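Here is what each chain is made of, one letter per residue.
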Amino acid sequence: MSDTPIDGYRPDVVEAKWRARWAERGTNNPDMDHPTRPFYNLMMFPYPSAEGLHVGNMFAFTGSDVYGRFKRLMGYDVFEPIGYDAFGIHSENYALKVGINPAELIPRNIANFRRQLERIGGMFDWRHELSTTDPAYYKWTQWIFLQLFKAGKAYKKKAGVNWCPNDKTVLANEQVEGGRCERCGALVEQRFLEQWFFRITDYADRLLRNLDTIDWSETTRTAQRNWLGRSEGAEIEFPVVAGDSNVERGTRNAEPIRVFTTRPDTLFGATFMVLAPEHPLVAGLTTPAQQAEVVAYVKASMAQDLVSRKVGDREKTGVFTGALATNPATGTRIPVWIADYVLMEYGTGAIMAVPAHDQRDFEFARKFGLQIVRVLAPADSASSALPALSEAETETHGYVLVNSGRFNGLPADEGKSAITAWLAAEDRGNPVVQYRLHDWCISRQRYWGPPIPIIYCDSCGPVAVPEKDLPVILPLIEDFRPDDSGVSPLARHEEWYYVPCPTCGRRARRETDVSDTFLDSAWYYLRYPSTDFDDRPFDPVRTRTWCPVTTYIGGNEHAVLHLLYSRFLGMVLHDLGHLHFDEPFTRFRAHGLIVKDGAKMSKSRGNVVIPDEYIAQWGADTFRMYLMFLGPLQEGGDFRDAGINGPRRFLERVWTLVGEVEAGGELTKEIVVRWHATKKKVAEHIEGLHYNTAIAALMELVNHMKEAGCRDRDMVQDLVVMLAPFAPHFAEENWERLGNQGSVFAAGWPKWDEKLVVSDEIEVPVQVNGKTRSKVRVPRGSDEATVLAAALADPAVQKFVAGKVVRKVVYVPDRLINLVVA
RNA sequence: GCCCGAGUGGCGGAAUGGCAGACGCAGCGGACUCAAAAUCCGCCGGGGGCAACCCCGUGCGAGUUCGACUCUCGCCUCGGGCACCA
């Protein structure tokens, strides 16, 4: 009986005990007002789905938590908040599916998320928990809208928008994938509706430039650069022929057509022009003879959705307007066409078509029998013989201008600047920078979001809701189903819809659109430190103390949307004097994905793993260690539950080790070196988010201790501290078992002695002709002669050197010696 | 099509241009046990050899180097993003 261990490792007991202690003692709550070394450790907050957090979420949260806990041990006051991104189409669609109001559904989901997040042992400061659906939160989302509205950064315009006929709402361009709704997969159509936009394009240049100043994952920065889509080129004016010929043809409008091109070097090859069907000049240009055809084409292309129009491999279509324009370089008269491959929302909505050097123009010219003139040729080709093209020649490197008058012979890139300069001198064009980025459409004709705080008055126009009247509460309505009208269901709720005008007091109507979920999440990091203030969105002192976010970890699926919008809003709020910084996230790292059987986890694949049962069976600490041991945080890993044994066995071993400690024993030099080296190595690995190798280093130390029969108390204690970021409950319990008071997180990361990190005697591999043949033991820092002598004395080396001449010796101190023989 | 990222044992994965396969899983052998589990010890890329050892080996093909998983060039495959953006 007495030899039965009564203190075996019981994760459930240990974890429940420490969850309660942390809550009771406020272990995870930093001093918000007087931190000595504030560190804002942020993880992208989750959308509280009905299914709960899956293993992929747990991987990400734990990854962020390990880092926060590590920083805590390194002596920082770490603020690690958590909240819920609970508004949006996703929640609403689910609510529609199950027929329960999201206002009822969401709190349930949140409760489940909270339970899971507590169970996994996150170092969250629950005092600052938030949900975007809380009026105390969205009051300030509305306030932010008003700041942008007042600053002229929010505006309303009628816009061709992506309309999902199934979700019955407008979608942002970002929510359309391959012509289909990102959420439901329905084919998206084009509709024209009044929409609210934020002027993010005003910030395109700054959003791009600042990318060089922030410490972000390179993949994320690249994604943002591509999304911003900067191109340099020229805007060029093509006069519409106003002379007799056009008058005869019946063209009434002689306003010039402006085009944007990135290839001014090919100007001499522009043999026709194409306008987008929606282009305002189309009506005026069209000749009576072409009228019927043009009108029919415009109508047909408007009926299409915005997205399927943009599918690149479609057969080209278009019609001739009857008008002619003049190529400003050649003076030639060229026909003006309309075609839907030219998009109104990019550039000027009109192009000069250079079929010889642009594939789209080439296809169009082929189909409609338009002229193709080559104006670039390989520098080494005979100028006389230019064969007909079978596809557009888009290469520029090594190409020179031909058929381009006085620019002939110039390399393409020089031609670009020369022609642009000439156009500018002639006042027919100028250099221009274009961005692919569009303004951010923030309105949604839906129910489950913060109402946009605007009131429409017949006499005063659109009026901002006074800030004292915020929040505009989202009313709880029975029928939140969107309909086909293009108007939010809120319009059907009359006592909410009609309000007195804040300016004149007459009966007016509320804006019924709600704002995009991305607006909620674009500023939540600002709210966290200030959730205890209800009279301001973010307290200036708190914000100055904690922001910008020190380290942000999240998924790369938000590389362009959320992260770009947050940056934009940061810039706006900075420029309006609300923030002392304009980049919200100093350091951002994208975590990888957890895959299951080689495939991304998703509901549709049916391979989503729910962590609860694993945590119940193995404990949160084992599960955390297992997830972190799978692979590098930034790369993700393959979830196979067989491997969870490993970390559990390891924790058991450490548990046993703690029970066997003895103080003051003699330590071998070797084990001391390993001990110090591990303290350093693990810290470095965690800092670099290489948690898998950090854990491996701890395992190695334990293996060596067992091998050496070492049960040194100090060493075991350091081991427990180093385990704390990964297995926090376990570490707390063992810290206590070792006789310590208080939290292990107050202990600080174990100090290492730089002199003891490396041993005095080392093994140097000996290579002969680059192949390792032996190793020699020499004192650290030995010079070449010493190591060479030792190497040559080694029989294993002699075997390969005997009878040969050593031509060269490469010696890398303390690393390797290579003998080159022949 | 363009832009990122990645290809290493049966599996997850390690390796500032310097001992390829750390650490772990699975597997095999052994100890303990009436037995099993747990635990502990050993083996564990392929080929050859009784053995000491030797040869081959990091998606494929070249190259740079005393030395290449690592750098360069050209391919192949997979994952992700963008895409009629002028």
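The structure under discussion appears in the preceding block.
Cut-offs and rules
- Residues numbered from 1 in each chain as written.
- Chains lettered and ligands numbered in written order.
- Predicted model: local features only at pLDDT ≥ 70, side-chain atom pairs only at ≥ 80, totals over all residues.
- Heavy atoms only, no water.
- Helix = DSSP H or I, 4+ residues; strand = E, 2+ residues; numbered from the N terminus.
- Buried < 20%, exposed > 50% of the residue type's maximum accessible area, 1.4 Å probe, protein only.
- Contact = heavy atoms within 4.5 Å.
- Areas by Shrake-Rupley, 256 points an atom, 1.4 Å probe, with all protein chains shown as cover.
- Lys, Arg positive; Asp, Glu negative; His and termini not counted.
- Charge placed at Lys NZ, Arg CZ, Asp CG, Glu CD.
- Expected span 1.5 Å × (residues − 1).
- Core = buried A, V, L, I, M, F, W, Y, C linked by side-chain atoms within 4.5 Å.
- Axes fitted to C-alpha atoms, helices over the stretch in contact; angles between N-to-C directions.
- Nonpolar A, V, L, I, M, F, W, Y, C, P; charged D, E, K, R; others polar.
- Polar contact = N/O pair within 3.5 Å; in protein donor to acceptor, adjacent residues only side chain to side chain.
- Pairing = 2+ DSSP bridges.
- Disulfide = S-S within 2.5 Å.

What follows deals with the overall build of chain A. Scanning chain A from terminus to terminus reveals 26 helices and 35 strands. Here the C-alpha coordinates of chain A stretch approximately 110 × 90 × 45 Å along the principal axes. Buried residues in chain A amount to 55% of all 822 residues. The contacts in chain A between residues at least 6 apart in sequence include a share of 73% that link residues at least 24 apart. Only carbon and sulfur atoms are counted for the fraction: they give 50% of the accessible area of chain A, which is about 35,000 Å². Counting 95 positive and 107 negative side-chain charges, chain A places the averaged centre of each group 1 Å from the other.

Taking 1.5 Å per residue as the helical rise, helix α21 (residues 669-687) with its 19 residues ought to reach 27 Å, and the 27 Å between its terminal C-alpha atoms agrees with that figure. Looking at α21, one finds that the buried residues are Ile-671, Val-672, Val-673, Trp-675, His-676, Ala-677, Thr-678, Lys-679, Val-682, Ala-683 and Ile-686. Turning to α21, the residues buried within the fold contact α2 (55-73), α22 (691-708) and α23 (713-723). In the stretch just after α21, Leu-689 is the one whose phi turns positive, near 60 degrees.

Let's shift gears to the nonpolar core. Trp-440, Tyr-525, Phe-623, Phe-639 and Phe-726 are the most contacted members of the largest nonpolar core, which totals 167 residues. The contact partners of Phe-623, leaving out residues within four places of it in the chain, are Val-55, Met-58, Ile-120, Pro-611, Tyr-614, Ile-615, Phe-639 and Ile-644.

Where helix α19 (residues 620-629) meets α22, the closest approach of the two axes is 7 Å, and the angle between their N-to-C directions is 115 degrees. For the pair α19 and α22, the contacting residues are Met-625, Met-628 and Phe-629 in the first and Tyr-691, Asn-692, Ile-695, Ala-696 and Met-699 in the second. In terms of residue class, the contact of α19 with α22 is built from seven nonpolar, one polar and no charged.

What follows deals with the environment of Lys-680. Positionally, Lys-680 belongs in helix α21. Note: C-alpha distance between Lys-680 and Pro-750 (70 residues apart in sequence) is 8.9 Å. Leaving out residues up to four positions away in the same chain, Lys-680 has contacts with Trp-752, Glu-754 and Val-757. At 2.6 Å, the side chain of Lys-680 forms a polar contact with the side chain of Glu-754.

Time to look at unusual backbone geometry. Cis rather than trans, the peptide bond between Leu-470 and Pro-471 has omega equal to 0 degrees. On the secondary structure map, Pro-471 appears in the loop between β23 (461-464) and α13 (494-497). Phi is positive for Asp-427, close to 65 degrees, though the residue is something other than glycine. Along the chain, the position of Asp-427 falls in the loop between α12 (412-425) and β19 (429-434). Among the residues examined, Asp-427 registers a relative accessible area of 64% and is labelled exposed. Of note in the backbone geometry, Asn-769 takes a positive phi value of approximately 50 degrees without being a glycine. With respect to the helices and strands, the residue Asn-769 is situated in the loop between β32 (761-768) and β33 (771-779). The class for Asn-769 is partly exposed, based on a relative accessible area of 44%.

The next subject is the sheet that holds strand β22 (residues 454-457). The strand order β23-β22-β25-β24 describes an open sheet built from four strands, whose pairing is antiparallel. Lying at the two open borders of the sheet, with one neighbouring strand each, are β23 and β24 (498-500). Direction aside, the axes of adjacent strands within the sheet are offset by 40 degrees on average. As paired strands, β22 and β23 are joined by four bridges and run antiparallel to one another. Paired with Tyr-456 across the two strands is Pro-462, which belongs to β23.

What follows covers the state of the cysteines. If you walk through the whole model with that rule in mind, you get zero disulfides. Cys-457 provides the cysteine sulfur closest to Cys-501, a residue in no disulfide bond, and the two sulfurs are 3.7 Å apart.

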